[in-house]
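Structural characterization, general
Below are the chains, spelled out letter by letter.
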Amino acid sequence: MTALLDISDLHVTFNTRHGRVTALDSVSLHVNAGETLGVVGESGCGKSITALSVMGLIPAPPGKIAGGSIKLNGEELTTASPARLRALRGAEAAMIFQEPMTSLNPVFTVGEQIAEAIMLHQKASHDQAFKQAIALLDRVGIPSPDTRARDYPHQLSGGMRQRVMIAMAVSCRPKLLIADEPTTALDVTVQAQIFDLLNEIQRDFGAAIILITHDMGAIAEMADRVAVMYAGRVIESARADDVLDHPQHPYAHGLIDCIPNVGKGDTSLKEIPGVVPPLHLLGDGCAFAARCAHADARCTREKPVLTDHGHHPVACHAIEEARL
Amino acid sequence: MTAPLLEVRDLTVRFALPRPRPFGPRPYLEAVRSVSFTLAKGRALGIVGESGSGKTTTAMSAIRLAPAASGQVLMNGTDLLALDEDAMRRQRKDIGLIFQDPYSSLNPRARVADIVREPLDLMNIGTPATRMDRVRTLFTRVGLREDQLNLFPHQFSGGQRQRISIARALTTNPQLLVCDEPVSALDVAIQAQILNLLGHLKTELGLSYLFISHDLGVVRHVCDDVAVMYLGKIVESAPVERLFTQPQHPYTQALLSAAPSLKRRKSQGYARAMQITGDPPSPINPPQGCAFAGRCPKAQSRCRSERPEMKVAGDHKIACHFPA
Amino acid sequence: MTNQPMTETYIAQSPSREAWRMFRRNLPAVFGLGLLIAIIVITLYGAFLYQGDPFDIVWAPHEPPGVTPEFPLGTDYLGRDIVAGLLMGGGPTLAVGAVAALITMVIGISLGALSGYYGGWVDNLLMRITEFFQVLPALLFAMVLVTLFSPSLWTIAIAIGVVSWPQTARLTRAEFLKIKELEYVTAARAIGARNRRIIWKVILPNAAPPLIVSATLTIGVAILFEAGLSFLGLGDPNVMSWGLMIGANRDYILDAWWPVTFPGLAIFLTVFAVSLVGDGLNDAFNPKLRER
């Protein structure tokens with residue numbers, strides 16, 4: 001079975017005042033049709049850059065895809081023309097952003113904006129498109145959709161706006177939906193509704209989802225498979241249950257252990273000391289070594305490669321040498 | 001139970017809205033509606049709720065950083081709301097405050113040593129030399145280094161800035177620390193570091209916390225007692241274990257089942273214990289009966305017409321007609 | 001826990017120093033600053049270089065430039081030396097600009113700060129006053145002021161200041177409205193700082209960047225304003241200034257171009273330099289451009 005999206009050995013660099021830095025370092029991921037891949041990590045680990053590269057939305061300059069390939073349905077995206085990328089965006093792959101207020105245009109009604117998205121990719125009259133827009137608003141759980149379609153974004157709550165974004169994203173039935181921290185700006189009860197909606201949409205439309213998040217709880221509820229990223233590299237990749245129940249990489253371990261859980265009230269949380277190093281200070285070794293309790297000389301010298309050491313693929317010398 | 005440090009009685013906060021027509025009566029928004037709670041010495045009281053629930057406004061008006069319309073706030077028996085400006089200013093040395101956003105809570109044009117020392121300058125405590133000693137002690141205590149004293153806020157990471165904020169709040173040896181979403185802007189791994197620091201400080205210095213958060217996991221980790229707010233009112237309050245294991249109010253139950261949990265897995269086809277729809281109603285025009293009735297799966301006609309009174313059962317208080 | 005080089009710099013980077021670092025990399029701005037310094041130095045030392053009174057009639061009238069070596073830029077309609085006028089007139093011109101800008105800033109920042117910080121009726125009252133001054137035609141109002149209080153350099157500077165502060169007041173108010181909502185201002189209140197301290201020590205330094213830019217540009221505007229008043233014959237007749245030179249010679253502009261052109265050029269270069277510096281400061285204070 002070939003994957004719907006296949007990213008292999010992707011390198012993305014950015015020119016900054018510290019010189020050229022590597023934002024994505026040999027990232028390989030795949031997403032099968034109809035499944036959800038969770039991409040998890042702290043801010044600055046490269047998860048949003050990965051999403052933007054797939055959409056062809058890396059700001060260039062200063063950004064640049066320096067190597068590797070992104071194949072959507074077998075079609076190479078890194079070399080595709082801007083016109084072809086525009087045609088694919090929305091129709092084949094769509095994106096839901098973190099902040100629904102700034103991703104919607106404040107001067108048009110939400111119905112217009114969805115209809116616009118439909119007319120961009122399908123032959124439909126304005127009336128047909130607007131009717132479709134209303135149907136979509138209904139589908140994403142907006143009450144009285146025909147009046148809401150005539151509302152402007154500021155008249156809707158944050159949760160409603162995110163539903164509108166989802167309606168717009170699925171308007172052309174894309175095969176791939178990228179959700180970049182879709183609930184970070186929302187309240188928990190609304191977040192739960194959005195997660196439930198995304199899972200439903202996936203069942204109904206058969207779309208594959210890439211969920212970008214920093215929250216292992218969201219991974220548990222949403223993802224079939226997980227890629228854990230750190231400092232621009234994938235450091236662990238497996239089925240969601242495997243990562244959650246048997247995390248291999250010390251960083252993945254830390255991410256799970258440091259969450260204050262609703263279900264238990266520990267006295268002390270496990271901490272990951274220190275912070276993510278800035279990209280321009282990455283050395284030759286493992287980027288996590290400075291924060292890792294199991295690091296040795298080899299870790300500071302040599303970058304570990306994502307390999308299966310018995311359980312599932314992980315990039316860690318300590319696991320390879322069975323020191324862990 | 002020890003003597004209360006802070007006792008809030010019937011606190012109400014109103015915001016003036018623009019007049020609908022010139023010289024017409026001015027409408028008011030009741031952000032906090034007759035809220036009462038008690039914070040005992042050495043304990044941490046969590047106030048949880050979603051955006052718009054009035055949790056931050058409650059805390060801010062309790063310590064007179066936002067004007068209260070009516071009510072009493074007794075700190076060690078003195079009513080803060082009745083103090084004159086100068087007396088209140090002197091009282092501030094007993095109250096520390098930590099903010100949500102580590103990027104906007106520190107003056108960008110001041111060196112961090114000056115930021116941490118300023119409370120002592122303003123309260124005229126000690127000599128310049130002893131003040132600097134205190135700053136150095138605090139700096140090391142919150143996990144920063146002395147060689148960072150002369151730097152400016154933008155030279156620190158989010159977690160480090162939150163440590164500076166904590167140091168500033170502790171400078172004058174306060175009895176009460178008001179924490180307004182202190183970790184919600186931080187990455188998960190950094191959250192754990194700050195939460196552990198807050199935990200250690202509490203036992204070490206015998207501090208009391210008024211802890212505002214939307215994150216139930218964080219509250220369970222830090223707090224001894226919890227009050228749940230919805231649309232300007234406390235709907236349930238109890239000791240933390242009791243609230244998390246035996247929630248009585250449907251809204252508390254909904255919050256708990258909405259919080260992402262590592263235990264709810266997509267692979268096992270999760271189901272939420274309780275699912276609620278929609279968004280909270282607008283505080284400009286609050287519903288006549290129970291504010292939660294519109295979203296509550298258990299609501300009956302009585303809930304829509306009659307506001308539930310707070311019922312007290314030991315240390316568990318619930319405002320619901322049909323608690324379970 | 002550290003076995004990799006740790007990542008921080010221990011050198012304090014003050015916001016002002018960062019801005020200066022940005023400014024230095026901006027070629028036009030550095031050029032403008034150099035030009036401005038040169039103009040200031042030349043006009044300051046002009047008095048020492050050129051012994052004599054610029055009002056003295058030293059030669060035949062309307063001597064064209066480049067004919068007589070003692071008077072390289074020629075003479076005006078009365079036979080006064082133009083180089084002397086330029087050198088001696090620069091100081092007063094710049095002084096009027098600077099004093100006017102200072103008055104503008106003092107009034108504008110004080111009223112804008114109070115208005116933005118306190119809000120409510122204070123804001124209402126101060127903004128109505130500001131609007132009143134804003135709708136007055138500035139040049140006419142300044143002319144009235146100067147005529148009423150006999151034209152001296154001081155009255156001119158004050159008149160310019162009085163008509164140009166409303167913009168600064170509005171800018172200051174807008175900055176204060178924005179900054180007073182930030183958490184570090186609440187933090188200052190939470191540790192017991194008084195309003196006065198919050199306004200002047202906490203908010204104002206953070207509002208300074210756009211105000212510094214605006215002050216710089218105000219100097220340029222004030223210089224032009226002074227030239228305009230002098231051109232209309234409302235300059236101080238007892239003190240030589242570039243504006244006065246243009247004003248005195250404007251009637252003969254068709255017979256002799258040089259007595260008005262050279263002071264005009266001097267004004268142009270000064271205002272140009274000031275604008276370059278102002279733009280440079282604007283960019284230097286903009287954090288968004290800093291990462292480049």
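Residues numbered from 1 in each chain as written. Chains lettered and ligands numbered in written order. Predicted model: local features only at pLDDT ≥ 70, side-chain atom pairs only at ≥ 80, totals over all residues.

**Structural notes on the overall build of chain B**
Looking only at helices and strands, chain B has 10 helices and 12 strands in total. A compact globule built from 324 residues would reach a C-alpha radius of gyration of about 20 Å, and chain B, at 21 Å, matches this within 12%. Its C-alpha atoms give chain B principal-axis dimensions of about 65 × 60 × 45 Å. Each of the 324 residues in chain B was classed as buried or not, and the buried ones make up 49%. Pairs at least 24 residues apart make up 64% of the contacts formed inside chain B by residues separated by at least 6 positions. (Helix = DSSP H or I, 4+ residues; strand = E, 2+ residues; numbered from the N terminus. Rg over C-alpha atoms; globule rule 2.2 N^0.38 Å. Buried ≥ 20, exposed ≤ 12 C-beta atoms within 10 Å, placed from the backbone. Contact = placed C-beta atoms within 7 Å.)

**Description of the overall build of chain A**
Helices and strands together make up the secondary structure of chain A, namely 13 helices and 12 strands. In summary, chain A has a C-alpha radius of gyration of 21 Å against a globular reference of 20 Å for 324 residues, a match within 12%. A principal-axis box enclosing the C-alpha atoms of chain A has dimensions of 65 × 50 × 40 Å. Taking as baseline every contact in chain A between residues at least 6 positions apart, the subset at least 24 positions apart corresponds to 63%.

**Comments concerning the packing of helix H8 (residues 188-205) of chain A against helix H9 (residues 250-258) of chain B**
Packing of H8 of chain A against H9 of chain B leaves a shortest axis separation of 8 Å and a crossing angle of 50°. In terms of their interaxial angle, H8 of chain A and H9 of chain B are classed as oblique. Classified by chirality, the crossing of H9 of chain B by H8 of chain A is left-handed. Of H9 of chain B, the residues touching H8 of chain A (which contributes Val 188, Thr 189, Gln 191 and Ala 192 of chain A) are Ala 254, Leu 255 and Ala 258 of chain B. Considering only residue class, the contact of H8 of chain A with H9 of chain B consists of five nonpolar, two polar and no charged. (Axes fitted to C-alpha atoms, helices over the stretch in contact; angles between N-to-C directions. Parallel < 35°, antiparallel > 145°, perpendicular 65-115°, else oblique. Left-handed = near helix turned anticlockwise from the far one by under 90°. Nonpolar A, V, L, I, M, F, W, Y, C, P; charged D, E, K, R; others polar.)

**Some details on the sheet that holds strand E5 (residues 75-76) of chain A**
Residues and elements named next belong to chain A. On the basis of which strands lie adjacent, the open sheet formed by four strands has the order E2-E1-E4-E5 and antiparallel pairing. Pairing within the sheet leaves two strands with one partner each, and these edge strands are strand E2 (19-31) and E5. Relative to strand E4 (residues 63-72), strand E1 (residues 5-16) runs antiparallel, the two being bridged by eight bridges. In the sheet register, Ser 8 faces E4, and the bridge partner there is Ser 69. (Pairing = 2+ DSSP bridges.)

**Here we look at the nonpolar core**
Ala 133, Leu 176, Leu 177 and Val 228 of chain A together with Leu 45, Phe 211 and Val 228 of chain B are the most contacted members of the largest nonpolar core, which has 279 residues in total. Contacts of Ala 133 of chain A, omitting those with residues within four sequence positions, involve Gly 111, Ile 114, Ala 115, Ile 118 and Ala 149 of chain A. (Core = buried A, V, L, I, M, F, W, Y, C linked by C-beta atoms within 7 Å.)

**Focus on the domain arrangement of chain A**
All names here are of chain A. As assigned here, chain A comprises domain 1 (5-92 + 175-273) and domain 2 (106-173). A straight line from the C-alpha centre of domain 1 to that of domain 2 covers 26 Å. Taken together, the contacts link 13 residues of domain 1 with 14 residues of domain 2. Looking at which element gives the most residues to the side of domain 1 that touches domain 2, the answer is H8, with six residues. Classifying every residue of the side of domain 1 that touches domain 2 gives 11 nonpolar, two polar and no charged. (Domains from an automatic or database assignment.)

**Section: helix H5 (residues 126-139) of chain A**
Residue and element names in this part refer to chain A. Between its terminal C-alpha atoms H5 stretches 20 Å, which fits the 20 Å expected from 14 residues at 1.5 Å a residue. On its buried face, H5 sits against helix H4 (110-121), helix H6 (145-148) and helix H7 (158-170). Looking one or two residues beyond H5, the residue adopting positive phi is Gly 141, at roughly 85°. (Expected span 1.5 Å × (residues − 1).)

**Side note on the sheet that holds strand E5 (residues 78-79) of chain B**
Residues and elements named next belong to chain B. Taking strand neighbours across the sheet as the criterion, the four strands line up as E2-E1-E4-E5 in an open arrangement whose pairing is antiparallel. At either end of the open sheet lies a strand with only one pairing partner, and these are strand E2 (28-40) and E5. Here helix H1 (residues 55-62) sits on the sheet and contacts strand E1 (4-16), E2 and strand E4 (70-75); the angle it forms with E1, its principal contact strand, is near 115°.

**Some details on unusual backbone geometry**
Residues and elements named next belong to chain B. Positive phi, normally seen in glycine, also occurs at Arg 64, with a value near 60°. Counting through the fold element by element, Arg 64 comes out in the loop between H1 and E4. With a phi close to 50°, Leu 231 is a non-glycine residue in the positive phi region. Within the secondary structure, Leu 231 is located in the loop between strand E9 (225-230) and strand E10 (233-239). A count of 24 C-beta atoms within 10 Å places Leu 231 in the buried class.

**Observations concerning the interface of chain A and chain B**
Of the residues lining the interface, 41 residues belong to chain A; the matching set on chain B comes to 41 residues. Only H8, helix H9 (216-222), helix H10 (240-245) and helix H11 (250-257) of chain A provide two or more residues apiece to the side of chain A that touches chain B. The residue inventory of the side of chain A that touches chain B, partitioned by class, reads 19 nonpolar, 13 polar and nine charged.

**Section: the environment of Asp 225 of chain B**
Residues and elements named next belong to chain B. Mapped onto the secondary structure, Asp 225 falls in strand E9. Put simply, Asp 225 and Pro 182 are 43 residues apart on the chain and 17 Å apart in space, counted from C-alpha to C-alpha. Not counting the four nearest positions on each side in its chain, Asp 225 is found in contact with Arg 43, Leu 45, Ser 237, Pro 239 and Val 240.

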